[in-house]
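Chain by chain, the residues:
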Amino acid sequence: MNITHNGLRIEYESDGDEHAPAVVLTMGLGMQLTAWPTALVQSIVQAGYRVIRFDNRDIGLSSELDHLGVPNIGWQVLRSRLGLPVRSPYSLQDMALDTIGLLDALDVQRAHLVGVSMGGMISQRIAATVPGRVLSLTSVMSSSGAPGLPGPRAEVTRALLKRPRGRRPEDVAAHSLKLFRLIGSPAFPQDMPAFEQRVLADAVRSHRPAGEARQLLAVVSDTRRHTLLQGIVCPTLVVHGTADPLVPLACGQDTAARIAGARFESIEGMGHDWPPGVVTLLASHIVAHIQTAQVPT
């Protein structure tokens, strides 16, 4: 299914009773709506909620924005490290407004927001800038973006900047699996046959390296988000793994510290992925949080 907002096609899926309170799941950098674990979606639906997933702009089956050009990621990342402004063709705030446009099209007035990694950043912006549309916020393996926070490990950064050997789905999947092995959860075994099958299916569904690069620039250029977090008033849960090599633990801790009343939960041995054991714990945390969240007055 898809809707059109501001000239962009947004591909989405909806699970559960359409009249139930909505939970919007926003995925991370370069990841499609299909990356959300089925077990997590089912847990939230079984708790009595409608789950809405979607492909962010430039990824999956949503509109691709190749007319905006292919960015030189290495050069822009260098500018960022030197403290120079980064030029991005669109912003995380633009992506936040995409989410609001989806809610408008589906006639959802208020929703619980769950965002992972870049999706957590987008969800933070929605909660800070459009508070009347948000019932609760859950930010997972994400960051406030504040200056001075630690970044990815060097080997992870190098892997992020590399590209697959070719454009065949098998090449794309092999490249993705190498990255996931670097950022995986050391304390939680992955169901590798099922995981490899899902990664390959995602590569067949869509592969947009230029879109991922533009999304990355939106993240790197979002240097003021941390100043907005004090304005978040909805019930907030921040969840982070202690072994995350892509977005280190301190990033989640800083996010929680900047949001009044936020609850912080760390998961020992969790990295930046979704093995079954992590999914079980996250589902429990998310469902408990949204069940106790109060409708804003």
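Residues numbered from 1 in each chain as written. Predicted model: local features only at pLDDT ≥ 70, side-chain atom pairs only at ≥ 80, totals over all residues. Heavy atoms only, no water.

1. With respect to the overall build of the protein chain
Stage number 1. Summing up its helical and strand segments, the protein chain has 10 helices and eight strands in all.
Stage number 2. By the compact-globule yardstick of 19 Å for 297 residues, the protein chain fits well, its C-alpha radius of gyration being 18 Å.
Stage number 3. In terms of its C-alpha atoms, the protein chain occupies a principal-axis envelope of roughly 50 × 45 × 40 Å.
Stage number 4. Counting every position in the protein chain, which comprises 297 residues, the buried fraction comes to 53%.
Stage number 5. Accessible surface for the protein chain amounts to roughly 12900 Å². Of this, 53% is attributable to carbon and sulfur atoms.
Stage number 6. Averaged over its 27 positive side-chain charges, the protein chain has a centre that lies 8 Å from the centre of its 26 negative ones. (Helix = DSSP H or I, 4+ residues; strand = E, 2+ residues; numbered from the N terminus. Rg over C-alpha atoms; globule rule 2.2 N^0.38 Å. Buried < 20%, exposed > 50% of the residue type's maximum accessible area, 1.4 Å probe, protein only. Areas by Shrake-Rupley, 256 points an atom, 1.4 Å probe, with all protein chains shown as cover. Lys, Arg positive; Asp, Glu negative; His and termini not counted. Charge placed at Lys NZ, Arg CZ, Asp CG, Glu CD.)

2. Remarks on the packing of aromatic side chains
Stage number 1. Per the counting criterion, the structure on display carries two aromatic pairs.
Stage number 2. Taking 5.1 Å as the distance between ring centres and 80 degrees as the angle between the ring planes, the aromatic pair formed by Phe180 and Phe195 counts as edge-to-face. Taken together, the residues Phe180 in helix H6 (residues 169-183) and Phe195 in helix H7 (residues 192-205) connect sequence positions 15 residues apart. Grouping residues by exposure puts Phe180 and Phe195 together as buried. (Phe/Tyr/Trp six-rings, centres within 6.5 Å; stacked < 30°, edge-to-face > 60°.)

3. Concerning the sheet that holds strand E7 (residues 236-241)
Stage number 1. Reading across from one edge, E1-E2-E4-E3-E5-E6-E7-E8 is the order of the eight strands in this open sheet, with mixed pairing throughout. Every interior strand has two partners, whereas the edge strands, strand E1 (2-5) and strand E8 (263-267), have only one. Taken pair by pair, the neighbouring strands of this sheet meet at an average axis angle of 25 degrees, ignoring direction.
Stage number 2. Alignment of E1 against strand E2 (residues 8-15), held across four bridges, turns out to be antiparallel. Bridge assignment links Ile3 to a residue of E2, and that residue is Ile10.
Stage number 3. Relative to E1, helix H3 (residues 92-105) is tilted by about 115 degrees, and along the sheet it contacts E1, E2, strand E3 (22-26), strand E4 (50-54) and strand E5 (111-116).
Stage number 4. Running over the sheet, helix H9 (residues 249-258) touches strand E6 (134-140), E7 and E8 and is turned about 170 degrees from E7. (Pairing = 2+ DSSP bridges. Axes fitted to C-alpha atoms, helices over the stretch in contact; angles between N-to-C directions. Contact = heavy atoms within 4.5 Å.)

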